[in-house]
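Residue strings, one per chain:
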Amino acid sequence: MKYCKKCGVLYTTDVCPKCGVLKPEASEPPEPAPQKTVRRQWIALVIAIPATILLILGVLKLLQLLQQS
Ligand SMILES: [Zn+2]
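Residues numbered from 1 in each chain as written. Predicted model: local features only at pLDDT ≥ 70, side-chain atom pairs only at ≥ 80, totals over all residues.

(A) Inspection of the overall build of the chain at higher detail. If you tally the helices and strands in the chain, you get two helices and two strands. When the elements of the chain are put in sequence order from the N terminus, they spell out β-β-α-α. The buried share of the chain, reckoned over its 69 residues, is 1%. (Helix = DSSP H or I, 4+ residues; strand = E, 2+ residues; numbered from the N terminus. Buried ≥ 20, exposed ≤ 12 C-beta atoms within 10 Å, placed from the backbone.)

Set out below in C-alpha coordinates:
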(Lines give C-alpha, C1' and ligand atoms only; values in the text may rest on other atoms or scores of the structure.)
Protein backbone atom coordinates (compact mmCIF):
# COMPACT_ATOMS: atom_id res chain seq x y z
CA MET A 1 0.00 0.00 0.00
CA LYS A 2 1.29 3.45 -0.92
CA TYR A 3 0.16 6.75 0.46
CA CYS A 4 -0.25 9.84 -1.69
CA LYS A 5 0.77 12.94 0.24
CA LYS A 6 -1.06 15.20 -2.20
CA CYS A 7 -4.53 13.67 -2.01
CA GLY A 8 -4.14 11.50 1.08
CA VAL A 9 -5.26 8.41 -0.76
CA LEU A 10 -4.03 4.89 -0.17
CA TYR A 11 -3.39 2.95 -3.36
CA THR A 12 -1.78 -0.26 -4.49
CA THR A 13 -0.99 0.66 -8.09
CA ASP A 14 2.31 2.16 -9.24
CA VAL A 15 0.81 5.64 -9.58
CA CYS A 16 -1.78 7.37 -7.45
CA PRO A 17 -5.13 6.92 -9.21
CA LYS A 18 -6.06 10.58 -8.73
CA CYS A 19 -2.68 12.16 -9.44
CA GLY A 20 -1.95 9.62 -12.16
CA VAL A 21 -5.08 10.62 -14.02
CA LEU A 22 -4.56 14.34 -13.49
CA LYS A 23 -0.79 14.36 -13.99
CA PRO A 24 0.69 11.70 -16.25
CA GLU A 25 4.20 12.86 -15.27
CA ALA A 26 5.03 11.15 -11.99
CA SER A 27 7.23 13.10 -9.61
CA GLU A 28 8.99 9.89 -8.67
CA PRO A 29 10.93 7.98 -11.30
CA PRO A 30 9.63 4.47 -11.95
CA GLU A 31 12.98 2.83 -11.10
CA PRO A 32 12.87 2.98 -7.26
CA ALA A 33 9.70 0.90 -7.17
CA PRO A 34 11.34 -2.42 -8.15
CA GLN A 35 14.18 -1.76 -5.70
CA LYS A 36 11.67 -1.34 -2.90
CA THR A 37 9.97 -4.55 -3.94
CA VAL A 38 13.28 -6.41 -3.98
CA ARG A 39 14.21 -5.02 -0.58
CA ARG A 40 10.79 -6.01 0.79
CA GLN A 41 11.27 -9.52 -0.59
CA TRP A 42 14.69 -9.71 1.06
CA ILE A 43 13.27 -8.61 4.40
CA ALA A 44 10.50 -11.19 4.08
CA LEU A 45 13.09 -13.84 3.24
CA VAL A 46 15.34 -12.87 6.16
CA ILE A 47 12.37 -13.07 8.52
CA ALA A 48 10.75 -16.15 6.96
CA ILE A 49 13.82 -18.42 7.02
CA PRO A 50 14.61 -18.14 10.77
CA ALA A 51 10.88 -18.30 11.53
CA THR A 52 10.58 -21.55 9.56
CA ILE A 53 13.66 -23.02 11.26
CA LEU A 54 12.32 -22.07 14.69
CA LEU A 55 8.95 -23.60 13.80
CA ILE A 56 10.57 -26.88 12.74
CA LEU A 57 12.76 -26.95 15.85
CA GLY A 58 9.72 -26.24 17.98
CA VAL A 59 7.76 -29.08 16.42
CA LEU A 60 10.73 -31.46 16.86
CA LYS A 61 11.11 -30.42 20.50
CA LEU A 62 7.40 -30.96 21.04
CA LEU A 63 7.61 -34.44 19.50
CA GLN A 64 10.57 -35.25 21.75
CA LEU A 65 8.64 -34.14 24.82
CA LEU A 66 5.61 -36.21 23.76
CA GLN A 67 7.78 -39.30 23.22
CA GLN A 68 9.50 -38.92 26.60
CA SER A 69 6.29 -38.73 28.57
ZN1 LIG B 1 -2.45 11.56 -5.35
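Read on, since the account is not over.
(B) Region of interest: the confidence of the model for the chain. This prediction gives the chain a mean pLDDT of 84; 81% of its residues lie at or above 70. No element of the chain has a lower mean pLDDT than helix H1 (residues 17-22), at 74, and none a higher one than helix H2 (residues 32-68), at 91. (pLDDT = per-residue confidence, 0-100.)

(C) Representation of the environment of Cys19 in the model. The residue Cys19 is located in helix H1 in this model. For Cys19, a count of 18 C-beta atoms within 10 Å puts it in the partly exposed group. A sequence separation of twelve residues divides Cys19 from Cys7, and the C-alpha atoms of the two residues are 7.8 Å apart. If sequence neighbours within four positions are ignored, Cys19 has contacts with Cys4, Lys6 and Cys7. (Contact = placed C-beta atoms within 7 Å.)

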